[in-house]
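Below are the chains, spelled out letter by letter.
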Amino acid sequence: MILTQINWNPDPEIFNILGISIRYYSLLFLSGILLSITVLKWIFKQEKLPEANLEKLSMYGIIGILLGARLGHCLFYEPGYYLNHPLEILLPIQFTSSSGIEFTGYRGLASHGGALGLIIALFLYSRKTKHSMLDTIDLIAVVTGLGAGFIRLANLMNSEIVGMPSNKAWAFVFERIDTIPRHPAQLYEAICYFLIFAFMLFLYKTKRAQFKNGVLFGTVLFLIFTARFFIEFVKENQVAFESGMQFNMGQLLSIPYIIVGLGFIAYGISKTKKQLSLQV
C-alpha cells in the first residue's frame, strides 16, 4: 500500500485537571528550554564559567524569548487587533461579547520577535554579570536550534502554521483546518533546526578557538533565518494582508537577521585573526 497522505488531528490538550489544561505546546516549549539549559550547563563547565551566571542567563533568556515572541506576533502580524485590545497582548485571555472574559492561552508567538527579545535579554545579562556580550551570544548560539526545533514541533501538535497544498506522499491532512493534503512546514523547520543545532555543537567542539567574537552567533542567525526564508515558500500566509505581497512577513523579517548574521561572521573572523596574530 502506497502512503498518499497522513491524517493529522491530535488533541492539543494532553489532559485537564480541575480546569488546568496541560497542552502539548506548553510541554514541548518547556522541554526545549530545559534541554537547552542542560546543554548550556555542559558548555559553561567547558568555559569554566560560574553556575550562578547560568541561572541568571536562564532567567533573562526565558523572559526575553516569551516577551519578544508575544510582542512580535501581536505587533508584526495583528497590530490592528491588539493595539485595540492591549490587555490581551500580555494576558492569556480574550474579551468576548457573550461571556465577558475567556481564558485562551497565548495564541501567537513570533520567532523573529523571540530572537530580538533574546538578544535584548542577553545584553542586560551581560551588563549584570560582566560576561562579554560577544562571548555570551556565541554560547547561546550553540543551543538556539534545539529550542527552535521544539517550538516547531509544538506548532505541529497544534496544527498551526501549516503548509500549502501538496501531492507529496508525506503530505499531512490537518483535519482541524480542512481536508486538503499539505506540506508539513512545521516538521520541515523542526528538522532543519535540529540539524543546525547538531552542526553548531560540532563547530563548538572542534572550532571553538577560531570561532568566537560573534562568529557562532552570526552563523546560527544566518542558518536559521535562511532556512526560515526558503521554507516560507511552502507555507500558507498567516494573516490576510500577506496575500498581495511578493515575500510574506516571515521572509521580510528574516532578511535583516540574515544580513546581521553575515556581518557578525565577518567581524568575528577579522577580530579573531587579529587576536591570534598578536599572540604569535
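On a predicted model such as this, the values are computed, not experimentally measured, just so you know. (Residues numbered from 1 in each chain as written. Predicted model: local features only at pLDDT ≥ 70, side-chain atom pairs only at ≥ 80, totals over all residues. Heavy atoms only, no water.)

1. Describing the side chain of Asn248
(1) Moving on: Take Asn248: it is sitting in the loop between helix H8 (215–231) and helix H9 (249–279).
(2) Moving on: Here Asn248 falls in the buried class, since its relative accessible area comes to 5%.
(3) Moving on: Within the structure, Asn248 has its side chain in polar contact with the backbone nitrogen of Gly250 (distance 3.1 Å).
(4) Moving on: Setting aside residues no more than four positions away along its own chain, Asn248 makes contact with Glu232, Asn237 and Glu242. (Helix = DSSP H or I, 4+ residues; strand = E, 2+ residues; numbered from the N terminus. Buried < 20%, exposed > 50% of the residue type's maximum accessible area, 1.4 Å probe, protein only. Polar contact = N/O pair within 3.5 Å; in protein donor to acceptor, adjacent residues only side chain to side chain. Contact = heavy atoms within 4.5 Å.)

2. Remarks on the packing of aromatic side chains
(1) Moving on: Enumeration over the complete set of coordinates arrives at twelve aromatic pairs.
(2) Moving on: Centre to centre, the rings of Phe229 and Phe233 are 5.7 Å apart; their planes meet at 85°, and the pair counts as edge-to-face.
(3) Moving on: Judged by its relative accessible area of 44%, Phe233 is partly exposed.
(4) Moving on: Each member of the aromatic cluster is reached from another via a ring pair, and the members are Phe229, Phe230, Phe233 and Phe247. (Phe/Tyr/Trp six-rings, centres within 6.5 Å; stacked < 30°, edge-to-face > 60°.)

3. Looking at the UniProt feature "transmembrane region" (unreviewed entry) in the protein
(1) Moving on: Under the UniProt annotation, the feature "transmembrane region" (unreviewed entry) is placed at residues 24–44, 56–78, 105–125, 137–157, 185–204, 211–231 and 251–269.
(2) Moving on: Note that residues 24–44 is 100% helix and 0% strand, and that its end C-alpha atoms are spaced 30 Å apart.
(3) Moving on: Here residues 56–78 runs as 91% helix and 0% strand, with 32 Å between its end C-alpha atoms. (UniProt positions renumbered as here; feature names shortened; annotations may be inferred.)

4. Some points on H8
(1) Moving on: Between its first and last C-alpha, H8 extends 24 Å over 17 residues, near the 24 Å set by a 1.5 Å rise per residue.
(2) Moving on: By the criterion of burial, H8 is predominantly enclosed, with 14 of the 17 residues buried. (Expected span 1.5 Å × (residues − 1).)

5. Side note on a nonpolar patch on the surface
(1) Moving on: A contiguous nonpolar patch, built from Met59, Ile63, Leu67, Leu71, Leu75, Leu83, Leu87, Leu90 and Leu91 and spanning about 830 Å² of accessible area, is present on the exposed surface.
(2) Moving on: Secondary structure elements with two or more residues in the nonpolar patch: helix H2 (51–76) and helix H4 (87–90).
(3) Moving on: Element by element, the count of residues in the nonpolar patch is highest for H2, at five residues. (Patch = residues over 30% accessible without salt bridge, like charges linked within 9 Å, V, L, I, M, F, W, Y side chains within 5 Å. Areas by Shrake-Rupley, 256 points an atom, 1.4 Å probe, with all protein chains shown as cover. Salt bridge = Lys/Arg side-chain N within 4 Å of Asp/Glu carboxyl O.)

6. Some thoughts on the pattern of salt bridges
(1) Moving on: Summed over all chains, the structure comprises eight salt bridges.
(2) Moving on: With a shortest N-O distance of 2.5 Å, Arg182 and Asp178 are connected by a salt bridge.
(3) Moving on: Residue class for Arg182 comes out buried when judged on its relative accessible area of 7%.
(4) Moving on: The residue Lys235 makes a salt bridge to Glu232 at a minimum N-O spacing of 2.8 Å.
(5) Moving on: Taking the relative accessible area as the measure of exposure, Glu232 reaches 4% and is therefore buried.
(6) Moving on: Put simply, Arg152, Glu189, Arg228, Glu232 and Lys235 are held in one network by salt bridges that share partners.

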